[in-house]
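Spelled out from the first residue to the last, the chains are:
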Amino acid sequence: MSTKPILSVPTEQLENTTFDATMEERILELLKRYPTTRATLIPVLWLCQERYGWLAPGVIRAVADRLGESPAYVEGVATFYTMFYTKPPAKFVLQACETLSCAVCGGKELLHHLESRLGIKPGEKTPDGVFQLVGVQCLGACGTAPVVQINDDYYENLTIERLDAVLDDLKGRS
Amino acid sequence: MESVLLRARGVPNSRSIDTYLAAGGWSGFAKALSMTPDAVVQETIESELRGRGGAGFPTGRKWSFVPKDHPGPRYLICNADESEPGTFKDREIIEHDPHMVLEGIAIASYAIRSNTAYIYIRGEFVRWAALLEDAIGEAHRQGWLGRNVKGSGYDLDIWVHRGAGAYICGEETALIESIEGKRGFPRLKPPFPAVVGVFGKPTVVNNVETLACLPHILTKGAKWFASIGRPKNTGTKLYCVSGHVKRPGVYELPMGVTFREIIEGPCGGIREGHTLKAFFPGGSSAPVMRASEVDVRADFDACAEAGTMLGSGGVIVLDDSVDMVETAANLAHFYAHESCGQCTPCREGSDWARDILDRIVAGHGRPADPETLLRICRFASQGMTICPLGDAFSLPISSIVKKFPEEFERHIRAASTVPQKKLPVLPWAGSRPGFGS
Ligand SMILES: Cc1cc2nc3c(=O)[nH]c(=O)nc-3n(C[C@H](O)[C@H](O)[C@H](O)COP(=O)(O)O)c2cc1C
Ligand code: FES
């Protein structure tokens, strides 16, 4: 598996975000799927996160403008959902499942190991901005516990050795 | 037993429409199109299919609540949120057989006369959302979706809608709010979605596994489906087994096998050197069962009689190495994190229960704690909240308190007698003991 790094565009460059023709085309395509404009909000936020890496204040304002919502409304929705980043994420976000099946099948040990290997606590980023550790709730893959999701990819049936190999590889490519 | 829902597992190239068609795929929808929508509803009622999303509500009956004279659109939503801890079956179906899901959606949409369906899939399932998109593309190209399907005059579009990380969006009214572009706050019922659903229109929400049964019911008949399993608990069921068994995974078995048959059969029993202590029969929101209850049948009615729920069929198996107070603390963290925050008993109750449990695990338990936990649970369940998340957090925690009192006593007896500087109800600020350090 070759997990793609997240490239977060810096805040300043997103201050006055405007959507280019490609984005606009994709938004128009989304608008056809739903009877209301508001229903495209979450799909549009996904488009933006894929494009800019995160939802900077300037991006929130651009989405609000485009969909006829207030920035406060858009931010209110975005912050309800844990997968939307309202702060720039690291290149690789390690989302370690903390829920029961993973916890009793080696997940606890895995999370400890990540903390000590990276020298950070859940919620933090490594100083070089390569890794970010997040404790997450059940990922819907409990039969192959323990599970860590890295960016869009699932890594299942992990051991400390396998996870180390994955991190070495990601670090090498970053 | 012959696999029905998992028949494609292990088949090469199983996701392609050609493989699916060669195995008789899409013929259930073709059959439905030759019938009236009402006849499809009737066939489903006769199959006695019950919803696999958690509540076990009869599927055909749910469809029959959609008003027939309603002008304008109605919607079908496939619930692929798969967020109940211990549940990982819908992903398995999508991974091996996405067309089976699409065909089920098509049949259900036709039955309720809907021309638009949405698949709400949890945001983390990026890869599986893409598999569904690919399958939708194939089905369009071969004329099974789109305008005038196979010359029948029936139009159907299916759109994949990704969630963005929220357990509560598995609850059908929160899911509907989320599709509408809002925070996932559940709605008060009634009105039920079948009457006022997404965009204010009649809407049916069905789980992936429920929908995946439909092509088989149409091709092989309601009688065939009803002959599998037990009366009122018909068909095969995907049991997702996780935790301390030798071979965790998704297993398809006739509804009504016992938990012992599941755990000791395909799962190969408890891992070496350990014995069964407890299990959650249907996801983490179901009341816990002791090892002595392992001969209960894994169907909706038998589980209800035994005081628990089949729920989503997510069987979480715990062996004798597990501390049940830590288990309760772990789940309390889940629910406290996932409560949407609308209703006070659930928002505050789940946080409060989590803090008490963390404190007990950290060695500062007090004799009154079990009783306080039961009281919190009582006030957050049984209709005190808009949606059943209040019950979902109360049932596992109160059942652990009631079924494993000796474990609480052990912690509390060993508790530090050094007075704490803090009130016991405030968050435990030390390391997180139910998990982590
Ligand atoms: C807190 C909560 C979470 C739920 N999560 C899911 C889920 O992840 N997937 C699902 O299919 N149903 C879930 N449900 C059940 C749905 O509300 C709904 O009953 C179900 O999708 C209906 O489908 P069915 O009739 O096919 O069972 C959840 C319910 C509650 C109260
Ligand atoms: S408990 Fe970790 S994936 Fe479900």
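Rules used in this analysis
Residues numbered from 1 in each chain as written. Chains lettered and ligands numbered in written order. Predicted model: local features only at pLDDT ≥ 70, side-chain atom pairs only at ≥ 80, totals over all residues. Heavy atoms only, no water. Near = heavy atom within 4 Å. Polar contact = N/O pair within 3.5 Å; in protein donor to acceptor, adjacent residues only side chain to side chain. Areas by Shrake-Rupley, 256 points an atom, 1.4 Å probe, with all protein chains shown as cover. Helix = DSSP H or I, 4+ residues; strand = E, 2+ residues; numbered from the N terminus. Nonpolar A, V, L, I, M, F, W, Y, C, P; charged D, E, K, R; others polar. Salt bridge = Lys/Arg side-chain N within 4 Å of Asp/Glu carboxyl O. Buried < 20%, exposed > 50% of the residue type's maximum accessible area, 1.4 Å probe, protein only. Pairing = 2+ DSSP bridges. Contact = heavy atoms within 4.5 Å. Axes fitted to C-alpha atoms, helices over the stretch in contact; angles between N-to-C directions. Expected span 1.5 Å × (residues − 1). Domains from an automatic or database assignment. Buried area = accessible area lost by both parts, 1.4 Å probe.

Undergrad: Outline the site of ligand 1, supporting the account with residue identities and numerical values.
TA: All names here are of chain B. Surrounding ligand 1, one finds 18 residues, the nearest of these being G53, K62, N79, N207 and T210. Within the backbone of G53, a nitrogen or oxygen atom sits 2.7 Å from an oxygen atom of ligand 1. Between an oxygen atom of ligand 1 and a side-chain N or O atom of N79, the distance comes to 2.9 Å. In the complex, 90% of the free accessible area of ligand 1, which totals 620 Å², lies under the protein chains. The element contributing the most residues to the shell around ligand 1 is strand 4 (residues 203–207), with 3 residues. Residues belonging to the shell around ligand 1 are distributed by class as follows: 4 nonpolar, 8 polar and 6 charged.

Undergrad: How would you explain the pattern of salt bridges if you had to name every residue and give the values?
TA: Counted under the stated rule, the structure contains 42 salt bridges over all chains. Across the pair K108 of chain A and E326 of chain B runs a salt bridge, and its minimum N-O distance is 3.0 Å. Placement of K108 of chain A in helix 5 (residues 100–118) and of E326 of chain B in helix 13 (residues 324–338) is noted, with the two residues assigned to different chains. You can call E326 of chain B partly exposed: its relative accessible area is 23%. Three or more residues joined by partner-sharing salt bridges are found here, namely R52, K89, D90, E209 and K237 of chain B.

Undergrad: Can you explain the sheet that holds strand 11 (residues 314–319) of chain B? Please cite residues and give values.
TA: Residue and element names in this part refer to chain B. Spatial strand order, 8-7-11-9-10: 5 strands in an open sheet with mixed pairing. Strand pairing shows two members of the sheet lacking a second neighbour, strand 8 (249–254) and strand 10 (289–290), which therefore form its edges. Pairing between strand 7 (residues 236–243) and strand 11: 4 bridges, direction parallel. Bridge pairing in strand 11 places S242 opposite I316. Together, strand 9 (276–280) and strand 11 form the strand contacts of helix 13, whose direction differs from that of strand 9 by roughly 20 degrees.

Undergrad: Before we move on, can you summarise the pairing of strand 7 of chain B with the specific residues and values?
TA: Residues and elements named next belong to chain B. The buried fraction of strand 7 is high, at 8 of 8 residues. Sheet topology note: the strand 7/strand 8 ladder contains 6 bridges and is antiparallel. The partner of L238 across the bridge, within strand 8, is E252. In textbook terms, the turn of a hairpin is the stretch between consecutive antiparallel strands, and for strand 7 and strand 8 this stretch comprises 5 residues.

Undergrad: How would you summarise helix 16 (residues 389–403) of chain B if you had to cite specific residues and measurements?
TA: A rise of 1.5 Å per residue sets the reference length of helix 16 of chain B, with its 15 residues, at 21 Å; its end C-alpha atoms lie 21 Å apart and thus fit the reference within 8%. For helix 16 of chain B, the buried fraction is high: 13 of the 15 residues fall into the buried class.

Undergrad: Help me get a handle on the domain arrangement of chain A, residues and values and all.
TA: Domain parsing of chain A yields domain 1 (11–80) and domain 2 (92–172). With centres defined by C-alpha atoms, the gap from domain 1 of chain A to domain 2 of chain A works out at 30 Å.

Undergrad: Break down the environment of T86 of chain A for me, with residues and values.
TA: Residues and elements named next belong to chain A. Counting through the fold element by element, T86 comes out in the loop between helix 4 (71–80) and strand 1 (92–97). Here the alpha-carbon distance between T86 and A21, two residues 65 residues apart in the chain, equals 24 Å. Aside from chain neighbours lying at most four places away, what touches T86 is W54, L55 and T79.

Undergrad: Give a description of the domain arrangement of chain B that names residues and reports values.
TA: Residue and element names in this part refer to chain B. Each domain of chain B was delimited in the assignment, giving domain 1 (17–227), domain 2 (230–319) and domain 3 (324–415). Here the C-alpha centroids of domain 1 and domain 2 sit 26 Å apart. Contacts between the two partners involve 20 residues from domain 1 and, on the opposite side, 25 residues from domain 2. Buried surface at the junction of domain 1 and domain 2, summed over both partners, amounts to about 1700 Å²; 54% is from carbon and sulfur atoms. It is R50, R52 and F88 in domain 1 that bury the most area against domain 2; as a group they hold 31% of the surface buried on that side. Inspection of the domain 1/domain 2 interface yields 2 salt bridges. Between E209 and K237 there is a salt bridge whose closest N-O contact spans 2.8 Å.

Undergrad: Can you explain the pairing of strand 11 of chain B? Please cite residues and give values.
TA: Residues and elements named next belong to chain B. For strand 11, the buried fraction is high: 6 of the 6 residues fall into the buried class. Neither face of strand 11 is exposed, since G314, I316 and L318 on one face and V315, V317 and D319 on the opposite face are all buried. Inspection of the sheet shows strand 9 paired to strand 11 by 4 bridges, in the antiparallel sense. Bridge pairing in strand 11 links L276 to D319.

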